Structure formats: C-alpha cells, structure tokens
Amino acid sequence: GTERTGTARLKADAAGIARAAALLRAGELVSFPTETVYGLGADATDDVAVARIFEAKGRPRFNPLIVHLPDAARVRDIAMLEGDAARLAEAFWPGPLTLVLPIRPGARLSPLVSAGLPTVAVRVPDQPLARVLLQAAGRPIAAPSANPSGRISPTEADHVLAGLDGKIAAVLDGGACAVGVESTIVGFDPAATLLRPGGLPAEAVEACLGAPLALPAPGDTVSAPGQLQSHYAPRAGLRLDATDLSPGERLLGFGPVEADLNLSPSGDLVEAAANLFHHLHRLDADGDAPIAVSPIPETGLGRAINDRLRRAAAPRDG
Ligand code: TXA
Ligand code: MG
C-alpha cells in the first residue's frame, strides 16, 4: 500500500476545487461532499486510482461502485440512458437517485468500477461543489461513501478525516450533507427494480413511472453486492423498535421521547435521515453502552433509515 503523510483539508473555494480536480486527474483519492454523504472519489477511467479506493476503505471485496457525473449528457458518454431510465433522470437529476444502466460500448471505464459487470451505476449529485468539481475534473468519478469498510458513512469532513486521515490525498470541505443517507438505487431487469432504498423516496420513483418498483430476487448477488450486514455498524450493540429501555442502554430516539440523542423529536423522517449517521458517530464516540432505537415508520425515507439500522444491528462479521 501507498503510505501517505497527511490528508489535506481543502476549502470550498476556487483554489480548493482546482486542487481537488488536479489531484483526481493525477490518480489520487479525494473525498468530496454530495447531498447524500461524502464520497471517496477516484478517476473512474484509471484502474490504479479505482483500486486505491478499495485499499483505502479496506473493503473485503470488489463491489461495483457508483460513477458521478456533472449532468445527463456526460452520463450518456458512458452509459445507455433510455426509456424509463431517461424519464427518471429527467425527473430526479440532479438528485439522490442512482441508475444502473448498460455500459456504452467503447466507453472508457475501468472494469473495477463495475466489478466486471456489463452495467454501471451512475448518478448526478445535487450539490453545487460536487458538480463544479466533476466539471473541472472532466472525468467520470467513482465514489463510494468515504468511510473505512463496515463503518458509519460520513456526512461531514471531520467524519472523513476520522476514518481516512493519511490514506487519501485530500478532502474538500463543504460542510454537512443535506440528505444524510446514500442515494436510492434503481436497476432495470428490464422492469424498474429498487436495488437500494435511499435518499429519494421509492414512492416518488413509483409515482413518476406510474407503476410499482420490483424488488430484487432473494439471494440476487449482482444487485446486492456490498450490502454487508454490518456495513453501518457502530461498535456498540444496537436494538431496534425499542419501546422501553433496559438498564445501561442508551436511547436513540425518534419522535417525542426522552432520549440520549433524538433523530427527530417532531417525528420528521427527512430530519431523521439527515441526523442518522451524525448521531451514530456521536454515540460511537461516546462509548460502548448498548443502543436502543425507537420505532421508525417504514414509509418514505424511513425505509432507508431502517435499512441502515438493520445492517448496523445485524450480527458482526468482523
Ligand atoms: O449516495 C451515494 O450513492 C453515495 C455518494 C458518495 O454518492 N455513494 C455510494 O456508493 O453509496 P457505493 O459505491 O457505496 O454504492 C455502491 C452500490 C453497490 O453496493 C451496489 O449495491 C450498487 O451500488 N451497484 C453499483 N454498481 C452496480 C451494478 N452494476 N449493478 C448492480 N448494483 C450496482
Ligand atoms: Mg458505503
């Protein structure tokens, strides 16, 4: 592995963006803010740069990565965007929606990005800094969340540095992420399929398509790679749907309850999603006492929140 002495924290100004773009073009890893979480970016056309992502994250396997582009025209350079996918792109980009599309024949893309699949996951983030950076880089940028494998996704530059300082060239500091959970992923089988619930409510996708989303077949290893059970785990044990508190437990609340930390005292799922990883980071930093979590409704962003919490609560695979 490449030893690095320190990670630069770049300001969200013209010089910072120019430096971040130059580092990306030189094959270095740069973390940058999106509206969902901070991404760990690398030039998606450069095999070594993409491999460094897995090295820096300590990922146990090569999962396919999401490629970030500044607009739909640049997406069309590398992928086939047609039919239902084009309608969703028109309705929701820029925004927290990732589409899994056939790779355009002849596209310059490292196969590591797609883990050898004939499809590539693409999205256009709704974060002004990210879009200016993607334009300046002039390359498709592969970016998983900027956290060590199995740990909580980062929603602030400080979270990125806590996990990856010394392992990446720089982090572009754009403050806190507005959405706070990863993008919703839709694939086409050919029917539109919800591969990962996320920051765009599945109901909004279904309303645009005028049809319900299919769910991946159980045990489908192509659509589910990277969805390790303990992907979002803090060190402490987690108990979900808690309506009471056992001795020694801390409460991560939702709604009007007395809690150590509350995702949203008013029961607002958007606020809860924006707070989710932030609160898990704080509970992780505050100690090892087990965490009980209030029930969270399984609607809208609640689906993404519960998905992350179930992974965090699942038995650890080390
Ligand atoms: O919000 C987000 O999407 C964040 C920010 C940084 O943009 N990125 C992110 O990327 O979550 P990542 O690399 O962690 O997401 C990768 C997931 C894979 O685990 C898999 O579920 C899906 O995207 N995926 C990627 N390529 C795929 C493909 N060709 N077929 C099926 N699923 C794919
Ligand atoms: Mg992740």
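Residues numbered from 1 in each chain as written. Chains lettered and ligands numbered in written order. Predicted model: local features only at pLDDT ≥ 70, side-chain atom pairs only at ≥ 80, totals over all residues.

With respect to the overall build of the protein chain
Okay, step 1: Tallying secondary structure elements over the protein chain gives 9 helices and 14 strands in all.
Okay, step 2: Its C-alpha atoms give the protein chain a radius of gyration of 19 Å, near enough to 20 Å, the size a compact globule of 318 residues would have.
Okay, step 3: Across its three principal directions, the C-alpha atoms of the protein chain cover 60 × 50 × 35 Å.
Okay, step 4: Of all 318 residues assigned to the protein chain, the portion counted as buried reaches 49%. (Helix = DSSP H or I, 4+ residues; strand = E, 2+ residues; numbered from the N terminus. Rg over C-alpha atoms; globule rule 2.2 N^0.38 Å. Buried ≥ 20, exposed ≤ 12 C-beta atoms within 10 Å, placed from the backbone.)

Examining the environment of Pro265
Okay, step 1: By the element assignment, Pro265 lies in the loop between strand 13 (261–262) and helix 8 (269–286).
Okay, step 2: A residue is classified by how many C-beta atoms lie within 10 Å of it, and Pro265, with 14 of them, is partly exposed.

Looking at the environment of Pro315
Okay, step 1: As for its placement among the helices and strands, Pro315 is situated in the segment after helix 9 (301–313).
Okay, step 2: A residue is classified by how many C-beta atoms lie within 10 Å of it, and Pro315, with 8 of them, is exposed.
Okay, step 3: Along the chain, Pro315 and Ala21 lie 294 residues apart, while their C-alpha atoms are 40 Å from each other.

A few points about the sheet that holds strand 5 (residues 97–102)
Hydrogen bonds between backbone groups are what pair the strands of a sheet, and the pairing can be parallel or antiparallel.
Okay, step 1: Spatially, the 10 strands line up as an open sheet ordered 1-8-2-3-7-4-6-5-9-10, and their pairing is mixed. The open sheet has two edge strands with one neighbour each: strand 1 (8–10) and strand 10 (192–196).
Okay, step 2: When strand 2 (residues 30–33) meets strand 3 (residues 38–43), the two strands line up antiparallel, connected through 4 bridges. Bridging from a neighbouring strand, Phe32 pairs with Gly39 of strand 3.
Okay, step 3: Running over the sheet, helix 6 (residues 157–164) touches strand 1, strand 2, strand 3 and strand 8 (170–172) and is turned about 165° from strand 8. (Pairing = 2+ DSSP bridges. Contact = placed C-beta atoms within 7 Å. Axes fitted to C-alpha atoms, helices over the stretch in contact; angles between N-to-C directions.)

A short note on the domain arrangement of the protein chain
Often, the extent of an interface is quoted as the loss of accessible area upon association of its parts.
Okay, step 1: Domain annotation of the protein chain identifies domain 1 (8–209) and domain 2 (238–313).
Okay, step 2: Between domain 1 and domain 2, the residue contacts involve 15 residues of the former and 16 residues of the latter.
Okay, step 3: Residue composition of the side of domain 1 that touches domain 2, grouped by class: 8 nonpolar, 6 polar and 1 charged. (Domains from an automatic or database assignment. Nonpolar A, V, L, I, M, F, W, Y, C, P; charged D, E, K, R; others polar.)

Focus: helix 4 (residues 83–92)
Okay, step 1: Taken as a whole, helix 4 has its buried residues at Ala85, Leu88, Ala89 and Phe92. The buried residues of helix 4 occupy an angular sector of 100° when projected down its axis, which confines them to one face. Of the exposed residues in helix 4, the ones pointing more than 90 degrees away from its buried face are Gly83 and Glu90.
Okay, step 2: The elements touched by buried residues of helix 4 are helix 3 (72–78), strand 5, strand 9 (184–188) and helix 7 (202–209). (Arc of directions from axis to C-beta.)

Observations regarding the pairing of strand 6 (residues 119–123)
Okay, step 1: Taking burial as the measure, the 5 residues of strand 6 include 4 buried ones, the bulk of the element.
Okay, step 2: When strand 4 (residues 66–68) meets strand 6, the two strands line up parallel, connected through 3 bridges. For His68, the partnering residue across the bridge sits in strand 6 and is Arg123.
Okay, step 3: As judged from the 4 bridges shared by strand 5 and strand 6, these two strands associate in the antiparallel manner. The partner of Val100 across the bridge, within strand 6, is Ala121.

Regarding the packing of helix 4 against helix 7
Okay, step 1: Taken N-terminus to C-terminus, the directions of helix 4 and helix 7 make an angle of 120°; their axes are 10 Å apart at the nearest point. Considered as vectors, helix 4 and helix 7 are oriented oblique to each other. Crossing of helix 4 against helix 7: the hand is right-handed. Of the residues in helix 7, those in contact with Asp84, Arg87, Leu88 and Ala91 of helix 4 are Val205, Cys208 and Leu209. (Parallel < 35°, antiparallel > 145°, perpendicular 65-115°, else oblique. Left-handed = near helix turned anticlockwise from the far one by under 90°.)

Some words on unusual backbone geometry
Okay, step 1: Going from Trp93 to Pro94, the amide bond is cis rather than trans, its omega being -5°.
Okay, step 2: Note the cis peptide between Asp189 and Pro190, where omega equals 15°.
Okay, step 3: Here Pro190 lies in the loop between strand 9 and strand 10.
Okay, step 4: Phi is positive for Asp241, which is not a glycine, with a value near 55°.
Okay, step 5: Topologically, Asp241 is positioned in the loop between strand 11 (238–239) and strand 12 (250–253).
Okay, step 6: The exposed category is assigned to Asp241, around which 12 C-beta atoms lie within 10 Å.

Notes on the UniProt feature "binding site: L-threonine" (unreviewed entry) in the protein chain
Okay, step 1: Using the residue numbers shown here, the UniProt feature "binding site: L-threonine" (unreviewed entry) corresponds to Thr36, His68, Arg123, Ala143 and Ser183. Across 148 residues, the annotated set stays spatially compact, with a maximum C-alpha separation of 12.5 Å.
Okay, step 2: Relative to the helices and strands, Thr36 is located in the loop between strand 2 and strand 3.
Okay, step 3: Here Thr36 is in contact with Pro96, Cys177, Val179, Val181, Glu182, Ser183 and Gly199, once residues within four sequence places are set aside.
Okay, step 4: Structurally, Arg123 can be placed in strand 6. (UniProt positions renumbered as here; feature names shortened; annotations may be inferred.)

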